[in-house]
Amino acid sequence: MGNKVYKDLHKSLGLCINCSEKALPNNVCCIKHKITHNSFMVGYMRDLKKKRKQKGLCTDCGIFLDSDIDNGHVKCQNCREELYSIGV
Ligand SMILES: [Zn+2]
Ligand SMILES: [Zn+2]
């Protein structure tokens, strides 16, 4: 139970329970550890899609888009067809 004591001690000192940074107000974690894995992944995927879009790559699989077939689309033909087939 040493871990609990450690966390309680940090909590009572207003420090992050994961590291020894100062915790955010009304929080047990610092700003770094407040970012959950989930929100990190959402942000990461959003960033990845944005970068792919800028480079003219499919936002889903990252392959080069065909300027004729994929004109005006952000996803390649494969990913578009996969998307459509879900509802069928
Ligand atoms: Zn921390
Ligand atoms: Zn694709």
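Residues numbered from 1 in each chain as written. Chains lettered and ligands numbered in written order. Predicted model: local features only at pLDDT ≥ 70, side-chain atom pairs only at ≥ 80, totals over all residues.

Quick look at the overall build of the protein
Part 1: Secondary structure summary: the protein contains four helices and zero strands in total.
Part 2: Counting from the amino terminus, the protein carries its helices and strands in the arrangement α-α-α-α.
Part 3: Going through the 88 residues of the protein one by one, you find that 7% of them count as buried.
Part 4: A fraction of 0% describes how many contacts in the protein between residues 6 or more apart in sequence connect residues 24 or more apart. (Helix = DSSP H or I, 4+ residues; strand = E, 2+ residues; numbered from the N terminus. Buried ≥ 20, exposed ≤ 12 C-beta atoms within 10 Å, placed from the backbone. Contact = placed C-beta atoms within 7 Å.)

As for the environment of Lys32
Part 1: Looking at the element boundaries, Lys32 is found in helix H2 (residues 31-34).
Part 2: Taking C-alpha positions, Lys32 is 8.9 Å from Glu21, a pair spaced 11 residues apart along the chain.

Some points on unusual backbone geometry
Most of the time, phi is negative for any residue but glycine, and the peptide bond is trans.
Part 1: Look at Asn26: it is not a glycine, yet its phi comes out positive at around 60°.
Part 2: Relative to the assigned elements, Asn26 resides in the loop between helix H1 (2-13) and H2.

A look at the confidence of the model for the protein
Part 1: Per-residue pLDDT for the protein averages 85, and the proportion of residues at 70 or more is 88%.
Part 2: Within the protein, helix H3 (residues 37-55) carries the highest mean pLDDT (87), whereas helix H4 (residues 77-86) carries the lowest (79). (pLDDT = per-residue confidence, 0-100.)

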